[in-house]
Amino acid sequence: QVQLVESGGGLVQAGGSLSLSCAASGSTSGVSTMGWYRQAPGKQRELVATVTRSGGTTYAASVKGRFTISRDNAKNTVRLEMNSLKSEDTAVYYCNAHSPLARLFPDSWGQGTQVTVSS
């Protein structure tokens, strides 16, 4: 089992910046990819960004060039730096950890943190 705790959410003005952090604990040795997802009211949860253990990254087209994901394997943490924020970025952001060798539950999720961007 992997436990995830997010922090850093809050209210920010459009055009501003905000950073989110996620701390992982438990069976972290089996985690390969970590990432951030978000869900706005009435919408499905969507991928924001992912980062592999070796540092490879992927981004949703809507955030590419504005957000940066990074990872510290020694500390088992992942960070999402968000710049040039837009009102469309308003959502609950969830941290994810993927363990491909886990038999029953390969994906672990945090409780989520609210990000609100005012226009």
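To start, this report covers the structure provided alongside it.

Per the secondary structure count, the protein includes zero helices and eleven strands. Helices (α) and strands (β) of the protein occur, in sequence order from the N terminus, as β-β-β-β-β-β-β-β-β-β-β. Here the protein has a C-alpha radius of gyration of 14 Å; the compact-globule value for 119 residues is 14 Å, and the two agree. Counting only C-alpha atoms and orienting by the principal axes, one finds that the protein spans roughly 45 × 30 × 25 Å. In the protein, buried positions account for 35% of the 119 residues. By element, 50% of the accessible surface of the protein is carried by carbon and sulfur atoms, the whole surface being about 6,600 Å². Looking at charge distribution, the protein has the averaged site of its 11 positive side-chain charges lying 4 Å from that of its 7 negative ones.

Our next topic: the state of the cysteines. All told, the structure shown has one disulfide when counted by the stated rule. With its sulfur 2.0 Å from that of its partner, Cys22 forms a disulfide with Cys95. Looking down the S-S bond of the Cys22 and Cys95 bridge, the torsion is -85°, so its handedness is left-handed. With Cys22 in strand S3 (residues 18-26) and Cys95 in strand S9 (residues 91-98), this pair connects stretches of sequence that are 73 residues apart. Like Cys95, Cys22 is buried.

For the rest of this paragraph, the subject is the pairing of S9. Of all the eight residues making up S9, six are buried; the element is thus mostly covered by neighbouring parts of the structure. Summarising the sheet, strand S4 (residues 34-39) and S9 pair through six bridges and their orientation is antiparallel. When the sheet's bridge partners are listed, Tyr37 is paired in S9 with Tyr94. Both S9 and strand S11 (residues 113-118) contribute to a ladder of three bridges, which runs antiparallel. Note on S11: the bridge partner recorded for Tyr93 is Thr113. In terms of strand pairing, S9 meets strand S10 (residues 107-109) through three bridges, oriented antiparallel. Bridge pairing links His98 to Asp107 in S10.

Thresholds, definitions, all that
- Residues numbered from 1 in each chain as written.
- Predicted model: local features only at pLDDT ≥ 70, side-chain atom pairs only at ≥ 80, totals over all residues.
- Heavy atoms only, no water.
- Helix = DSSP H or I, 4+ residues; strand = E, 2+ residues; numbered from the N terminus.
- Rg over C-alpha atoms; globule rule 2.2 N^0.38 Å.
- Buried < 20%, exposed > 50% of the residue type's maximum accessible area, 1.4 Å probe, protein only.
- Areas by Shrake-Rupley, 256 points an atom, 1.4 Å probe, with all protein chains shown as cover.
- Lys, Arg positive; Asp, Glu negative; His and termini not counted.
- Charge placed at Lys NZ, Arg CZ, Asp CG, Glu CD.
- Disulfide = S-S within 2.5 Å.
- Pairing = 2+ DSSP bridges.

As far as function goes, none of this settles anything; it's purely spatial.
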